[in-house]
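# Chain and residue survey
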Amino acid sequence: MTDRQILNRNLAQMLKGGVIMDVTNAQEAEIAEAAGAVAVMALERVPSDIRRDGGVARMSDPKLIKEIKSAVSIPVMAKVRIGHIVEAEILEALGIDYIDESEVLTPADDLYHLDKHAFKSPFVCGARNLGEALRRIGEGAAMIRTKGEAGTGNVVEAVRHMRTMMGQIRLLQNLPREEWMSFAKEQGAPYELVAEVAAGGRLPVVNFAAGGIATPADAALMMKLGSEGVFVGSGIFRSGDPAKRAKAIVLATSYYNDPKIVAEVSEDLGEAMSGIDIKTIPAEQTFAERGW
Amino acid sequence: MQSVGVLALQGSFSEHLTKLAQLTEVLPVAVKTAADLEQVDRLILPGGESTAISRLLQRTGLSELLKRRVKEGLPVWGTCAGLILLAKNIVGEQPHLGVMDITVRRNAYGSQLNSFSCRQLLPALGTEPLPLVFIRAPWIERVGEQTEILGEYAGHIIAARQGKLLATSFHPELTDSDAVYRYFLQL
């Protein structure tokens, strides 16, 4: 592993226990930073708006990303379409702190993800299970987030993906060595990374939860299930009182094991974003299915 | 046996706890509450995001308690974000705990693309060259009269000590060296 890859994994380690918030302008970025976000994701539209508007979702305008970068001192992330080499080159040229190769945007390549080793910037990628996570890490991702189903305000898919990932890690840890190769084959994962997880009992990179987290209790739930931090997209700035909800989610993420604190911060937060039952979303419109 | 706390609200606290567990005569303690903070003999403020950790310290009331314990002589070591929390002056920003007479510049080297690692001998901290990891790191621009400079890299101060307070802009918790831990434990 190169020094650059280690440094990029190290930055994700510094974000642990924190909340990364989607923001669509400099003012929201300042609210997020003041609430205690560890990073912001600069976007033109939050996932629930992308879902509502339909059409092709692309990388944000560099002008918007620059404005958000100059508004805050915390790391700024931004999304590129799966496989869009040039969008990633643009974000690297802007000096972005982390690039999210994201299924929330419309994929640019229906076969291949980015060769993330080719970049100096760190990448975070979504995954629904261990195999998908290890394929992305094999391609050079320095951080993983479970996908959930973004823009729904419904945590059920995030839970399913985190439970799947953690369950597969626990299973792998208990397999004798001669079964690792078949496990790698079944999961479609690089053997060396399978061996690393079997020995270490954890992903080789930091793993956050994303996709559907809308309340402090949702954030604490994901931490309890083994997540090392959370991404909150539409859940904050599509709710009644974003500043208050953002602060509450930050506290609940740090103190996920203290129900008294989670109860206290959950009080009187105003309206949460309205949610969507996953079953009502046609299969071809789910974001989590994007990625290979 | 002494109990060494690591502030466990956000950031690289588990890495520090793992390093402490490898040392003898040390009981590592994850510090999340006032009760935890009251009982430790030493405290490490980990790497992470200083704004996030500072907000959490304020909202939980741990900030005032920590300042009191520093006044009473609790040895505290801040790494990266922890160094920023300790500083009396931060360029362009309000200080957080404001207990150590240093002036700090945040993200002094630039964005993540400017993060780097190297090896350098810091004679005050050990006889072997130390692995130094800088992640969106700050540097110390100036120190007060009571503060001793422990290390510089490329013309900037990266480690300092004032009484029982230790500050490093790099991350020993991310390396295989325990030199700075041993230095801190004898403060």
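Conventions and cut-offs
Residues numbered from 1 in each chain as written. Chains lettered and ligands numbered in written order. Predicted model: local features only at pLDDT ≥ 70, side-chain atom pairs only at ≥ 80, totals over all residues. Heavy atoms only, no water. Helix = DSSP H or I, 4+ residues; strand = E, 2+ residues; numbered from the N terminus. Rg over C-alpha atoms; globule rule 2.2 N^0.38 Å. Contact = heavy atoms within 4.5 Å. Areas by Shrake-Rupley, 256 points an atom, 1.4 Å probe, with all protein chains shown as cover. Lys, Arg positive; Asp, Glu negative; His and termini not counted. Charge placed at Lys NZ, Arg CZ, Asp CG, Glu CD. Core = buried A, V, L, I, M, F, W, Y, C linked by side-chain atoms within 4.5 Å. Buried < 20%, exposed > 50% of the residue type's maximum accessible area, 1.4 Å probe, protein only. pLDDT = per-residue confidence, 0-100. Arc of directions from axis to C-beta. 1 Å grid on protein atoms, 1.4 Å probe; cavity = no way out; pocket = protein on both sides within 12 Å on 5 of 7 lines; lining within 4 Å. Points joined across faces, edges and corners; volume = space filled by probe spheres on them. Nonpolar A, V, L, I, M, F, W, Y, C, P; charged D, E, K, R; others polar.

Helices and strands together make up the secondary structure of chain A, namely 13 helices and 8 strands. Here chain A has a C-alpha radius of gyration of 18 Å; the compact-globule value for 292 residues is 19 Å, and the two agree. Each principal axis of the C-alpha distribution contributes one length, and for chain A these read about 55 × 45 × 40 Å. Long-range pairs, those at least 24 residues apart, make up 67% of the contacts in chain A with a sequence separation of at least 6. Here chain A has roughly 11,300 Å² of accessible surface; of this, 51% comes from carbon and sulfur atoms. The average position of the 33 basic charges and that of the 40 acidic charges among the side chains of chain A differ by 1 Å.

To continue, consider the nonpolar core. The biggest cluster of nonpolar side chains holds 86 residues, and the ones touching the most others in it are M21, L91 and M222 of chain A together with L45 and I102 of chain B. Here this core takes 6 residues from helix 12 (residues 242–254) of chain A, the largest share from any one element. Counting residues in each nonpolar core, the second largest holds 33 residues, with L20, Y181, L185 and L187 of chain B among its members.

Residue and element names in this part refer to chain A. Relative to the elements of secondary structure, L105 occurs in the loop between strand 4 (98–102) and strand 5 (123–127). Through-space distance from the C-alpha of L105 to that of I90 is 16 Å; in sequence the pair is 15 residues apart. Setting aside chain neighbours within four positions, we find L105 in contact with I50, A57, R58, M59, K79, V80, R81 and R290.

Here the focus is the confidence of the model for chain B. Of the residues in chain B, 100% reach a pLDDT of 70 or more, and the chain-wide mean stands at 97. At the level of chain-chain contacts, confidence expressed as ipTM amounts to 0.96, with global pTM at 0.97.

Residues and elements named next belong to chain A. W180, F183, A184 and Q187 are the residues of helix 8 (residues 180–187) that are buried. Along the long axis of helix 8, the arc covered by the buried residues comes to 100°, so they all point the same way. Along helix 8, the residues that are exposed and aim more than 90 degrees away from the buried face are K185 and E186. In the core, the buried residues of helix 8 are packed alongside helix 6 (130–139), helix 7 (156–173) and helix 9 (191–200). Looking at the residues trailing helix 8, positive phi occurs at G188, about 65°.

This model, assessed by the stated rule, comprises 5 cavities of 30 Å³ or more. Estimated volume of the largest cavity: approximately 190 Å³. Computed from the structure, the second largest cavity encloses a volume of approximately 110 Å³. Together, 15 residues line the second largest cavity, and G48, E49, C80, I135 and R136 of chain B are the ones closest to its centre. For the lining of the second largest cavity, the elements supplying multiple residues, two or more each, are helix 1 (3–15) of chain A together with helix 5 (81–86) of chain B. Grouping the constituent residues of the lining of the second largest cavity by class yields 8 nonpolar, 4 polar and 3 charged.

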